[in-house]
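For reference, the chains in residue letters:
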Amino acid sequence: VQLQASGGGLVQAGGSLRLSCAASGRSISYDSVGWFRQAPGEERTFVAAMHRNGPGRDYVDSVKGRFTITRDNAKNTVYLQMNSLKPEDTAVYYCAAGPSVIRSNLASKSAYANWGQGTLVTVSS
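Residues numbered from 1 in each chain as written. Predicted model: local features only at pLDDT ≥ 70, side-chain atom pairs only at ≥ 80, totals over all residues. Heavy atoms only, no water.

1. Regarding the sheet that holds strand β1 (residues 2-6)
Item 1. Read across the sheet, 4 strands follow the order β1-β3-β8-β7 without closing on themselves; strand pairing throughout is antiparallel. Two strands bound the open sheet, and with one partner strand each, they are β1 and β7 (67-72). Within this sheet the neighbouring strands show an average axis-to-axis angle of 15°, counted without direction.
Item 2. Taken together, the 6 bridges between β7 and strand β8 (residues 77-82) define a ladder with antiparallel strand orientation. What sits directly across from Ile69, in β8, is Leu80. (Pairing = 2+ DSSP bridges. Helix = DSSP H or I, 4+ residues; strand = E, 2+ residues; numbered from the N terminus. Axes fitted to C-alpha atoms, helices over the stretch in contact; angles between N-to-C directions.)

This is how it looks when you write it as C-alpha cells:
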C-alpha cells in the first residue's frame, strides 16, 4: 500500500489545519492507522492513532482536546484535524498504517508496516 500525506502548511498560532493521508494499492479499512511527527533535530514521535477494530482513539497528552484523528473508509483516507495549533506543533507529520498493530502498540513506530512521505506543518507565534 502507498500512503500520500498532504495538507501541511504555514499557520499562525491558534489556527487550524487538516492533514489527509490517502491510501492506494489496497484498502486500509481493516488497518490500524496513526499519525507521527518529527521536529527538526528530534526523533519521530507518536501523535494519534486508531485501532482497526472499534472507534477507540489514542492521543499523545500534548494534543488531547486539540487534535482529532478520523477515517473515511469509502475514500480510503485518514485525517488529522488540528485545532488551536501551537508553535511546538511545528514538525513534519507522517501517517502510518498496518494490519497487525495491536492496541497496546498503537504508539509504537515499529508496529506500522506502511508510511507516507510526510507533510510539513509550521506554526508561527
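2. Points about the side chain of Thr119
Item 1. Checked against the element boundaries, Thr119 lands in strand β11 (residues 119-124).
Item 2. A distance of 3.0 Å separates a polar side-chain atom of Thr119 from the backbone nitrogen of Gly8.
Item 3. When neighbours within four sequence positions are excluded, Thr119 is seen to be in contact with Ala5, Ser6, Gly7, Gly8, Leu19, Ala91, Val92 and Tyr93. (Polar contact = N/O pair within 3.5 Å; in protein donor to acceptor, adjacent residues only side chain to side chain. Contact = heavy atoms within 4.5 Å.)

3. Quick word on the pattern of salt bridges
In a structure, side chains of opposite charge can pair up when their charged atoms sit close to one another.
Item 1. Summed over the entire model, instances satisfying the criterion amount to 4 salt bridges.
Item 2. For Lys64, the salt bridge is made with Asp61, and the minimal N-O distance between the two is 3.0 Å.
Item 3. One continuous salt-bridge network, built from bridges that share partners, spans Arg37, Arg66 and Asp89. (Salt bridge = Lys/Arg side-chain N within 4 Å of Asp/Glu carboxyl O.)

4. Side note on the packing of aromatic side chains
Item 1. A full pass over the atoms with the stated rule returns 4 aromatic pairs.
Item 2. With a centroid separation of 5.7 Å and an interplanar angle of 75°, the aromatic rings of Phe36 and Phe46 are classed as edge-to-face. One end of the pair, Phe36, is in strand β4 (residues 32-38); the other, Phe46, is in strand β5 (residues 44-50), and 10 residues separate them in sequence. Each member of the pair, Phe36 as well as Phe46, carries the same accessibility label: buried.
Item 3. Note on Tyr112 and Trp115: the rings are 6.2 Å apart at their centroids and 70° apart in plane angle, and the pair reads as edge-to-face.
Item 4. Looking at Tyr112, the relative accessible area reads 5%, which means it is buried. (Phe/Tyr/Trp six-rings, centres within 6.5 Å; stacked < 30°, edge-to-face > 60°. Buried < 20%, exposed > 50% of the residue type's maximum accessible area, 1.4 Å probe, protein only.)

5. What about the nonpolar core?
Item 1. Counting residues in hydrophobic clusters, the biggest one holds 28 residues, and the most contacted among them are Trp35, Val47, Phe67, Ile69, Leu80, Met82 and Tyr93.
Item 2. Broken down by secondary-structure element, the contributors of at least two residues to this core are β1, β3 (17-24), β4, β5, β7, β8, β9 (91-98) and β11.
Item 3. For Val47, the residues in contact, after removing those within four places along its chain, are Trp35, Phe36, Arg37, Asp58, Tyr59, Val60, Val63, Phe67, Leu80 and Tyr93.
Item 4. Formed by 7 residues, the second largest nonpolar core is a distinct cluster that contains Phe36, Phe46, Ala96 and Val101. (Core = buried A, V, L, I, M, F, W, Y, C linked by side-chain atoms within 4.5 Å.)

Geometric descriptors of this kind do not, in isolation, establish any biological role.
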